[in-house]
Amino acid sequence: MHYYSADRQAAARRRGARALLLDQRGYVAEASTANVVAYYSDRGLVTPCHENVLPGVSLAVVGELADELDLALTEEDLTPDEFSAADEALLVSTSICALPIARINGAPVGTGQPGKTYRRVLDAWSKQVGLDVAAKVAEQLAPVLGHRMPQDAAASELLAGGRKGKKGGSGFYRHPD
């Protein structure tokens, strides 16, 4: 099945869903416009074998960040059930950097919320590029998603005033060093 058709079929089942594509042998390969990464607390980060996916610059960045964060990174063939059993799962691509996968076929991945490893990877990515990736993505998506992603006036004021939280040392609360 063509990736576009797969994404349309997934979105028809659940609004906003993306298709998880399999290789010819039935192992998890990638999403339509992103590489996928699983995180297992006992194994670290696991990506599909590079021979079976399109190379991704962002996946290479995840590899660099894994080294920096002292996270194991391996390539393995993962069945859909094995991938779904991950503690965390991510989409990685140039447009989104890293995005958590909260559900697969309606079932939560891990807790169903962005996890610590996702946050560590995204924070390291933000540090590497010199901007808050999550804030920038939210800023870019707000005009496109409109009512689905309302701007919070109070949060906008805090951001405009440079109050970006613990990371910047100037958030709403004072954080001891």
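What counts as what
- Residues numbered from 1 in each chain as written.
- Predicted model: local features only at pLDDT ≥ 70, side-chain atom pairs only at ≥ 80, totals over all residues.
- Heavy atoms only, no water.
- Helix = DSSP H or I, 4+ residues; strand = E, 2+ residues; numbered from the N terminus.
- Expected span 1.5 Å × (residues − 1).
- Buried < 20%, exposed > 50% of the residue type's maximum accessible area, 1.4 Å probe, protein only.
- Contact = heavy atoms within 4.5 Å.
- Polar contact = N/O pair within 3.5 Å; in protein donor to acceptor, adjacent residues only side chain to side chain.
- Pairing = 2+ DSSP bridges.
- Axes fitted to C-alpha atoms, helices over the stretch in contact; angles between N-to-C directions.
- Phe/Tyr/Trp six-rings, centres within 6.5 Å; stacked < 30°, edge-to-face > 60°.
- Lys NZ or Arg CZ within 6 Å of the ring centre and 35° of its normal.
- Salt bridge = Lys/Arg side-chain N within 4 Å of Asp/Glu carboxyl O.

**Structural notes on helix 2 (residues 57–68)**
- The terminal C-alpha atoms of helix 2 lie 17 Å apart, and with twelve residues this matches the ideal 16 Å at 1.5 Å per residue to within 8%.
- Looking only at helix 2, the buried set comprises Ser58, Leu59, Val61, Val62, Gly63, Leu65 and Ala66.
- Buried residues in helix 2 make contact with strand 3 (35–40), strand 4 (44–47), strand 5 (73–75), strand 6 (88–93) and helix 4 (116–129).
- Once helix 2 finishes, Asp70 follows within two positions and takes phi at roughly 60°, a positive value.

**Some details on the side chain of Asp7**
- Looking at where Asp7 falls in the secondary structure, it is placed in helix 1 (residues 3–13).
- Looking at Asp7, its side chain comes within polar contact range of the main-chain nitrogen of Ala19, at 2.7 Å.
- Polar side-chain contacts of Asp7 include one of 2.3 Å to the side chain of Ser32.
- Apart from residues no more than four positions distant in its own chain, Asp7 is found in contact with Ala17, Arg18, Ala19 and Ser32.

**With respect to the sheet that holds strand 5**
- The five strands lie next to each other as 5-4-3-6-7, forming an open sheet whose pairing is mixed. Each edge of the open sheet is held by one strand with a lone partner, namely strand 5 and strand 7 (97–100). Ignoring which end each strand starts from, the neighbouring axes of this sheet average 30° apart.
- Bridge count between strand 4 and strand 5: three bridges; the pairing is parallel. From the neighbouring strand, Val46 faces strand 5, where its bridge partner is Thr74.

**Focus on the packing of aromatic side chains**
- According to the stated counting rule, one finds zero aromatic pairs in the structure shown.
- The aromatic ring of Tyr40 is capped on one face by Arg43, whose charged end is 4.2 Å from the ring centroid.

**Points about the pattern of salt bridges**
- Taken as a whole and judged by the stated rule, the model has four salt bridges.
- The partner of Asp7 in a salt bridge is Arg18, with the nearest N and O atoms 3.8 Å apart. Note that Asp7 is positioned in helix 1 and Arg18 in the loop between helix 1 and strand 1 (20–22), a separation of eleven residues in sequence.
- On the basis of relative accessibility, which here comes to 16%, the residue Asp7 falls in the buried class.
- A cluster of three or more residues bridged by salt bridges with shared partners is formed by Asp23, Arg25 and Asp77.

Function cannot be inferred from these measures alone, as they are strictly geometric.
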